[in-house]
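# Structure at a glance
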Amino acid sequence: GNSVTQMEGPVTLSEEAFLTINCTYTATGYPSLFWYVQYPGEGLQLLLKATKADDKGSNKGFEATYRKETTSFHLEKGSVQVSDSAVYFCALALANDMRFGAGTRLTVKP
Amino acid sequence: NAGVTQTPKFRVLKTGQSMTLLCAQDMNHEYMYWYRQDPGMGLRLIHYSVGEGTTAKGEVPDGYNVSRLKKQNFLLGLESAAPSQTSVYFCASSFFFPWTGEIHEQYFGPGTRLTVT
């Protein structure tokens, strides 16, 4: 079946540090891949997406590249801010199947 | 546009009671979903709908029923609540492009926090 595995948290960084959150997937076909962000007390919001191999999604300084050879979609940001503190979810969509990772909580300290 | 709205925001039930959660979207999306979010488990799909009058089971459907009588609304019912159904419930909706078979990004509601005692 289809599944998503993402790095366990929590992750604590200082402001301006480099961020990587690992995400790998298993799929029976060629899924679309997403990163969603959830701020406290809110629903999930789309952060970025990629729909085919080698696509790079980017938004608000975050980037992730769809790597078919390693079945990965790692999230990166060069310099995090306190306002980036949230829970990040990796997800895949294939036909009618949506799968989410367990989420990684990021805390950025000033 | 309000996007995706959910009612109620909070609810406490006793074991065996029933309730219905309402989700509404004003984006004319074909697809709608119900998830539950539990600590350390991410989101798990309960049921989904690919259009008005259709529903299908997701990953964890047991103990829940759904209905989609109108395109903009998706109802989630608990007929006999159990403590294991204590969770945060999220509704979402999305476009689907049939010519590519691609589900586009989902838009989420703010969630309903349900406690079953």
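Everything here concerns the structure above.
Here is a short report on the structure shown in this document. Model, not experiment: these values are computed from the prediction.

## Focus: the sheet that holds strand 3 (residues 19-25) of chain B
Hydrogen bonds between backbone groups are what pair the strands of a sheet, and the pairing can be parallel or antiparallel. Residue and element names in this part refer to chain B. The antiparallel open sheet is built from 4 strands, whose spatial order is 1-3-8-7. Strands with a single pairing partner mark the edges of an open sheet, and in this sheet they are strand 1 (4-7) and strand 7 (65-67). When strand polarity is set aside, the average angle formed by the axes of neighbouring strands in this sheet is 20 degrees.

## Regarding the layout of surface pockets
A volume near 810 Å³ is recorded for the largest pocket. As for the largest pocket, its lining consists of 34 residues, and the residues nearest its centre are Gln38 and Arg105 of chain A together with Gln37, Val88 and Arg113 of chain B. Counting only elements with at least two residues in the lining of the largest pocket, the list comes to strand 1 (3-6), strand 10 (86-94) and strand 12 (104-109) of chain A together with strand 9 (87-94) and strand 13 (112-116) of chain B. Of the pockets and cavities examined, the second largest pocket occupies roughly 160 Å³. Around the second largest pocket sit Asn2, Ser3, Val4, Arg99, Phe100, Gly101 and Ala102 of chain A together with Gly40, Met41, Leu43, Arg44 and Glu59 of chain B, which together line it. Secondary-structure elements contributing two or more residues to the lining of the second largest pocket are strand 1 and strand 11 (97-100) of chain A together with strand 5 (43-51) of chain B.

## Examining the interface of chain A and chain B
If you look at the interface, chain A gives 20 residues, while chain B gives 21 residues. Summed over both sides, the interface of chain A with chain B buries roughly 1600 Å², with 55% coming from carbon and sulfur. Of all residues in chain A, Asn96, Met98 and Phe100 of chain A bury the most surface against chain B, accounting for 33% of the area lost on that side. Inspection of the region where chain A meets chain B yields 2 salt bridges. Counting the contacts that link chain A with chain B gives 5 residue pairs in polar contact (both at pLDDT 80 or more). Secondary-structure elements contributing two or more residues to the side of chain A that touches chain B are strand 5 (32-38), strand 6 (44-50), strand 10 and strand 11 of chain A.

Definitions and cut-offs
Residues numbered from 1 in each chain as written. Chains lettered and ligands numbered in written order. Predicted model: local features only at pLDDT ≥ 70, side-chain atom pairs only at ≥ 80, totals over all residues. Heavy atoms only, no water. Pairing = 2+ DSSP bridges. Helix = DSSP H or I, 4+ residues; strand = E, 2+ residues; numbered from the N terminus. Axes fitted to C-alpha atoms, helices over the stretch in contact; angles between N-to-C directions. 1 Å grid on protein atoms, 1.4 Å probe; cavity = no way out; pocket = protein on both sides within 12 Å on 5 of 7 lines; lining within 4 Å. Points joined across faces, edges and corners; volume = space filled by probe spheres on them. Contact = heavy atoms within 4.5 Å. Buried area = accessible area lost by both parts, 1.4 Å probe. Salt bridge = Lys/Arg side-chain N within 4 Å of Asp/Glu carboxyl O. Polar contact = N/O pair within 3.5 Å; in protein donor to acceptor, adjacent residues only side chain to side chain.

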